[in-house]
Amino acid sequence: MGRSGKGYNAQEALDQLKNAGVPRGMARGVGLAIGGIFLAGAAMNSLYTVQGGFKAIKFNMLTGLDPRSFEAGTHVKIPYLEKPILFDIRQQPISIQSSQGSRDLQIVNTTVRVLYKANESNLPELYRTLGQNYADVVLPSISNEVLKSVIAQYNASELITRRPEVSAAITSELQVRAKEFFLEISDVSIVQMNFGKEYTAAVESKQIAQQMAERARFKVEQAQQEKKGVIILAEGEAESAKLIGNAIKNNRSFIDLRRMEAAKEISSTLAKSPNKLTLDADALLLNLTAKDA
C-alpha cells in the first residue's frame, strides 16, 4: 500500500525545507512537528462515540461490513479505513395512508400510525439490504399490503362497530411481515377511517329513514293514547249521566240541589259585573216551589 496523502505532504514539505537551505537540524525538527500533528490527528480519528438510544456498526474498506454491533459509549476504529454507521434504536412513529376495499365492496380510506424500531440483533443485515432509510423503504409497502388484506375481511359497518378487533388484526399481521425485514412493530393504531361518498350518502339516508319511522311510530302511539282518552272520557260521561238519572229518579231533591248550585254560580258571576241587575227567583233558578214542566 502506498503512502497516505498526509504522509506524502509531510515528506514533501521536509524536502522543500532542505532545498531552501534550512539547516538539517531545524528541518528535522519541523518534520517531527509535522509528523506529531499527523499522529495526533490519527489518534483523534481512531475514536468515535455512540450516543444513548443508538447502536453502531462499522464498515471496513478492506474487509467490508463488520457483523458486530456496538452499544452506546466510546469505541476504537482504524483511521481512514473504518467508518462507523449509527442506527437509532428507539421507538419511532410513522403515519401511513392507504385506500382499500371492504368485503361488501365499499371504498375505505384509512390512516394508521405505526410505532416501530430496528431489530438490534440484525443491524448489519438491515443496513446491507435496506440501508439507513429502511422505514421509508419497507413500511409503506407492507402496511398497504396488510391493510388491504385485513379490511377485505370485514363489511363497512363492521369496520366501525368492531374497530378494536380490526386494529389488533392489523397489528398482528404487520408484526409478522416486519420481522422479515428485521423490524419490530410495537403498536398500530387507526387514526382515521373514511368511506366513499356513496356509502356515506346511503348511511345518511338510512338514518333519515329511521328517524322518520320513529316519528311515525310516535304519532301512531299518540293517536292511540288520544283514542283511549276519548273512550275513557265518554265512558265517564255516560256513567255520570246514568248516576244523575238514577239520583233524579230516586230523589227529586237532587234537582233542587243542582238549581241551588247553578244559582250560586250565576250570582257569583253577576256580582263581579259593574252593572246593577234585578233578578227574580225564577231567573236565579231559586223558585224551588215551582213545578217542573
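This is a predicted model, so every value here is computed, not measured.

Parameters at a glance
Residues numbered from 1 in each chain as written. Predicted model: local features only at pLDDT ≥ 70, side-chain atom pairs only at ≥ 80, totals over all residues. Heavy atoms only, no water. Helix = DSSP H or I, 4+ residues; strand = E, 2+ residues; numbered from the N terminus. Contact = heavy atoms within 4.5 Å. Areas by Shrake-Rupley, 256 points an atom, 1.4 Å probe, with all protein chains shown as cover. Pairing = 2+ DSSP bridges. pLDDT = per-residue confidence, 0-100. Axes fitted to C-alpha atoms, helices over the stretch in contact; angles between N-to-C directions. Phe/Tyr/Trp six-rings, centres within 6.5 Å; stacked < 30°, edge-to-face > 60°. Expected span 1.5 Å × (residues − 1). Buried < 20%, exposed > 50% of the residue type's maximum accessible area, 1.4 Å probe, protein only. Arc of directions from axis to C-beta. Core = buried A, V, L, I, M, F, W, Y, C linked by side-chain atoms within 4.5 Å. Lys, Arg positive; Asp, Glu negative; His and termini not counted. Salt bridge = Lys/Arg side-chain N within 4 Å of Asp/Glu carboxyl O.

On to the overall build of the protein chain, then. Along its length, the protein chain carries eight helices and eight strands. Contacts spanning at least 24 positions in sequence make up 63% of the contacts within the protein chain whose residues lie at least 6 apart. Put simply, the protein chain shows about 19,800 Å² of open surface, and 57% of that area lies on carbon and sulfur atoms.

Further remarks concern the sheet that holds strand β5 (residues 82–88). Read from one edge to the other, the open sheet built from three strands follows the order β3-β2-β5, with strand pairing classed as antiparallel. Of all strands in the sheet, those with a lone pairing partner are β3 (64–65) and β5, marking the two edges. Summarising the sheet, strand β2 (residues 54–60) and β3 pair through two bridges and their orientation is antiparallel. Considered in β3, the bridge of phenylalanine 59 is made with leucine 65.

The next thing to look at is the pairing of strand β7 (residues 107–118). As judged from the 10 bridges shared by strand β6 (residues 92–101) and β7, these two strands associate in the antiparallel manner. Paired with glutamine 92 across the two strands is tyrosine 116, which belongs to β7. Bridge count between β7 and strand β8 (residues 183–195): 11 bridges; the pairing is antiparallel. Considered in β8, the bridge of valine 112 is made with isoleucine 190.

In this model, the protein chain carries a mean pLDDT of 79, and residues with pLDDT of at least 70 account for 71%. Per-element confidence in the protein chain is highest for helix α6 (residues 163–179), whose mean pLDDT is 94, and lowest for helix α1 (residues 5–19), whose mean pLDDT is 53. Low pLDDT (under 50) marks residues 1–8, which in the prediction has six contacts with non-local residues, meaning those over four places away or in another chain.

Our focus in this paragraph is the sheet that holds β6. Read across the open sheet, the three strands follow the order β6-β7-β8; overall the sheet is antiparallel. Because the sheet does not close on itself, it has two edges, and the strands there are β6 and β8. Within the sheet, the average angular offset between the axes of one strand and its neighbour, ignoring direction, is 25°. α6 contacts β7 and β8 of the sheet and is inclined by roughly 140° relative to β8.

The next point concerns the packing of aromatic side chains. According to the stated counting rule, one finds three aromatic pairs in the structure shown. Ring plane angle 90° and centroid distance 6.2 Å describe the contact between phenylalanine 87 and tyrosine 127, whose orientation is recorded as edge-to-face. Of this pair, phenylalanine 87 sits in strand β5 while tyrosine 127 is found in helix α3 (residues 123–130), placing the two residues 40 residues apart along the sequence. Among the aromatic residues, ring-to-ring pairing joins Phe87, Tyr116, Tyr127 and Tyr134 into one connected group.

A few words on the environment of proline 67. On the secondary structure map, proline 67 appears in the loop between β3 and β4 (73–76). Each C-alpha atom of the pair proline 67 and asparagine 122 lies 8.7 Å from the other, and the pair is 55 residues apart in sequence.

Taking 1.5 Å as the rise per residue, α6 with 17 residues should run 24 Å; its terminal C-alpha atoms sit 25 Å apart, in good agreement. Every buried residue belonging to α6 is among Val166, Ser167, Ile170, Thr171, Leu174, Arg177 and Ala178, and all of these are buried. Relative to the axis of α6, the buried residues are bounded by an arc of 135° and lie together on one face. Away from the buried face of α6 by more than 90 degrees, exposed residues Pro164, Val176 and Lys179 are located. For α6, the secondary structure elements touched by its buried residues are β7, α4 (134–151), α5 (156–161) and β8.

Another aspect to go through is the nonpolar core. The nonpolar side chains of a soluble globular protein tend to be buried with one another. Formed by 36 residues in total, the largest nonpolar core has its most connected members in Val114, Leu126, Tyr134, Leu139, Leu159, Ile170 and Ile185. Elements supplying a minimum of two residues to this core: β5, β6, β7, α3, α4, α5, α6 and β8. Sort the elements by how many residues they give to this core and α4 lands first, with nine residues. Apart from residues lying up to four places away in sequence, leucine 126 is in contact with Phe87, Ala118, Gly131, Tyr134, Phe181, Phe182 and Leu183.

All right, on to the side chain of lysine 77 then. If you trace the backbone, lysine 77 turns up in the loop between β4 and β5. No salt bridge is formed by the buried lysine 77; the nearest opposite charge belongs to glutamate 82, separated by 8.1 Å. With residues up to four places along the chain from it excluded, the contact list for lysine 77 reads Asn45, Ser46, Leu47, Tyr48, Lys58, Glu82 and Pro84.

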